[in-house]
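Commentary on secondary and tertiary structure
What follows is each chain in one-letter form.
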Amino acid sequence: MLSLLSPAAWSRAADAARQGPYVAGAQTTRPWLRLLLFILLSAAFMVTAVVGLGALAALAQAAGWIELEMFDGPFTASNLTDEATFIAGIAGVLFTLAISLLLAAMIVYQRGPGAFLWPRPGGGFGLLLIGFTVMFLVALVLWPVMTWLEPGGIAPVLDPADPLRDRLIYAGAAAVGLLFAAAAEEIGFRGVLLRITGGLTKSLLVILLVNGVLFSAVHWDPDPVSFVARAASGMVWGWAALRLGSLAFAIGAHLANNLFIALLLAPISVAAVPGQPMAPEGLAIQATTLIVVLIFVELLARRRGATRPSAGAVPPPPDRQAVP
């Protein structure tokens with residue numbers, strides 16, 4: 001364990017990350033022109049997706065399946081059924097936008113989905129399960145400290161005011177909806193964005209900072225402590241993708257983080273409201289959690305033979321095709 005935490009070990013890990021598929025494998029011709037084309041094409045795809053989602057939502061509201069008011073500004077669900085609907089709606093929007101980004105990247109960079117989602121094959125479901133387990137267990141251990149720092153109401157799945165049946169349905173809906181939401185954010189940031197920035201620079205610090213800061217910025221949360229905490233999470237999940245060559249671990253960890261909040265802290269419609277102050281001590285909890293995650297990522301990377309760059313691990317030469 002001590003050798004794992006040594007500067008030499010982290011130096012070797014950084015070298016391996018630079019020569020991994022998200023950096024060395026992302027090198028391409030005319031990267032800045034491709035970035036411009038990607039921005040334009042992804043914007044067109046996302047506008048089309050939003051228009052399509054709006055039309056579907058209008059039809060769903062006309063049929064009485066959904067109330068669009070819950071997505072119009074701040075919303076707090078009045079019951080667990082509405083909360084489940086809210087999560088499903090958010091997950092659907094996020095996943096559709098993520099697929100729009102992925103399709104644009106595939107067209108511009110002339111790569112299949114695997115180049116962005118799992119450029120180093122193997123360990124998909126296993127990595128997802130490990131990421132989920134590690135993150136959820138650490139959060140569970142720190143749960144008493146969280147509730148002490150920021151006292152709240154009764155955990156949604158433990159509140160006897162709601163029937164057991166409703167709580168079980170809510171837990172299942174939250175698990176499925178938040179899985180799609182977590183996958184969407186990881187596809188967009190630790191998949192597409194990570195590979196694009198890896199094609200522009202080999203500086204891991206720049207790659208991870210851009211990823212973490214943009215990930216936090218899109219949540220529109222003005223609280224500085226929350227911004228830093230979320231950016232740190234994005235950087236660690238970005239490191240997991242760089243080291244493991246797959247989004248699976250990051251998706252599992254992201255899902256565990258969000259599901260823990262939804263089940264044991266507060267409904268997502270409450271927890272996701274921007275501007276809620278986070279106690280500065282919360283950064284210590286976040287740091288503890290992320291350090292444990294980093295250690296497990298490195299253990300997994302060693303097990304998968306990604307500690308040192310090797311000839312067999314170097315990805316194919318950069319794509320030399322002309323920009324479309």
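This section reports on the structure supplied with the text. As the structure is a prediction and not an experimental result, all values here were calculated from the model.

Here we look at the overall build of the protein
On a plain count of helices and strands, the protein comes out with 11 helices and zero strands. For the protein, the α and β elements follow one another from N to C terminus as α-α-α-α-α-α-α-α-α-α-α. Per-residue burial for the protein yields a buried fraction of 44% across its 324 residues. Across the protein, every contact between residues at least 6 apart in sequence was considered, and the portion connecting residues at least 24 apart equals 81%.

Re the packing of helix H5 (residues 124-149) against helix H9 (residues 248-265)
The geometry of H5 relative to H9 is characterised by a closest axis approach of 7 Å and an angle of 35° between their N-to-C directions. For the crossing formed where H5 meets H9, the hand is right-handed.

Let's talk about a nonpolar patch on the surface
Together, Leu 33, Leu 36 and Leu 40 make up a nonpolar patch on the protein surface, roughly 270 Å² of accessible area in all. Along the chain, the position of Leu 33 falls in helix H2 (residues 31-62). The exposure class of Leu 33 is partly exposed, given its relative accessible area of 36%.

Section: the side chain of Asp 159
Among the structural elements, Asp 159 can be located in the loop between H5 and helix H6 (164-198). One buried charged side chain, Asp 159, makes no salt bridge at all; its nearest oppositely charged neighbour is Arg 167, positioned 6.8 Å away. Residue contacts for Asp 159: discarding those within four places in its chain leaves Ile 154 and Arg 167.

Notes on H5
Here H5 contains 26 residues, and its C-alpha end-to-end distance of 36 Å stays within 8% of the 38 Å for a straight helix at 1.5 Å per residue. Looking only at H5, the buried set comprises Leu 127, Gly 131, Val 134, Met 135, Phe 136, Val 138, Ala 139, Leu 142 and Met 146. In this structure, the buried side of H5 is in contact with helix H8 (224-244), H9 and helix H11 (282-303).

Quick notes on the packing of H6 against helix H7 (residues 204-217)
Running from N to C, H6 and H7 cross one another at 145°; their axes reach a closest spacing of 10 Å. Of the two possible hands of crossing, H6 and H7 adopt the one that is right-handed. Between H6, through Glu 185, Phe 189, Arg 190, Leu 193, Leu 194, Thr 197 and Gly 198, and H7, the contact on the second element is made entirely by Ile 207, Val 210, Asn 211, Leu 214 and Phe 215. In terms of residue class, the contact of H6 with H7 is made up of seven nonpolar, three polar and two charged.

Regarding the environment of Leu 53
Within the fold, Leu 53 resides in helix H2. Sequence-wise, Leu 53 and Gly 92 are 39 residues apart; in three dimensions their C-alpha atoms are separated by 8.8 Å. In contact with Leu 53, not counting residues within four places along its chain, are Val 93 and Thr 96.

Structural notes on helix H3 (residues 80-109)
Taking 1.5 Å of rise per residue, the 30 residues of H3 would be expected to cover 44 Å, and the 43 Å separating its terminal C-alpha atoms lies within 8% of that figure. Where H3 begins, the capping side chain belongs to Asn 79, and its oxygen is found 3.1 Å from the backbone nitrogen of Thr 81. Taken from the residues just after H3, Gln 110 is the one with a positive phi, measuring 50°.

Some remarks on the packing of aromatic side chains
This structure, assessed with the given rule, holds seven aromatic pairs. Ring plane angle 80° and centroid distance 5.3 Å describe the contact between Phe 95 and Phe 180, whose orientation is recorded as edge-to-face. Here Phe 180 lies in helix H6 and Phe 95 lies in helix H3, a separation of 85 residues in the sequence. A ring pair is formed by Phe 136 and Phe 260, whose centres lie 5.6 Å apart and whose planes are at 80°; its orientation type is edge-to-face. Taken together, the residues span a long stretch of sequence, with Phe 136 in helix H5 and Phe 260 in helix H9 at a distance of 124 residues. Classification of Phe 260 as buried rests on a relative accessible area of 2%.

Rules behind the numbers
- Residues numbered from 1 in each chain as written.
- Predicted model: local features only at pLDDT ≥ 70, side-chain atom pairs only at ≥ 80, totals over all residues.
- Heavy atoms only, no water.
- Helix = DSSP H or I, 4+ residues; strand = E, 2+ residues; numbered from the N terminus.
- Buried < 20%, exposed > 50% of the residue type's maximum accessible area, 1.4 Å probe, protein only.
- Contact = heavy atoms within 4.5 Å.
- Axes fitted to C-alpha atoms, helices over the stretch in contact; angles between N-to-C directions.
- Left-handed = near helix turned anticlockwise from the far one by under 90°.
- Patch = residues over 30% accessible without salt bridge, like charges linked within 9 Å, V, L, I, M, F, W, Y side chains within 5 Å.
- Areas by Shrake-Rupley, 256 points an atom, 1.4 Å probe, with all protein chains shown as cover.
- Salt bridge = Lys/Arg side-chain N within 4 Å of Asp/Glu carboxyl O.
- Lys, Arg positive; Asp, Glu negative; His and termini not counted.
- Expected span 1.5 Å × (residues − 1).
- Nonpolar A, V, L, I, M, F, W, Y, C, P; charged D, E, K, R; others polar.
- Polar contact = N/O pair within 3.5 Å; in protein donor to acceptor, adjacent residues only side chain to side chain.
- Phe/Tyr/Trp six-rings, centres within 6.5 Å; stacked < 30°, edge-to-face > 60°.

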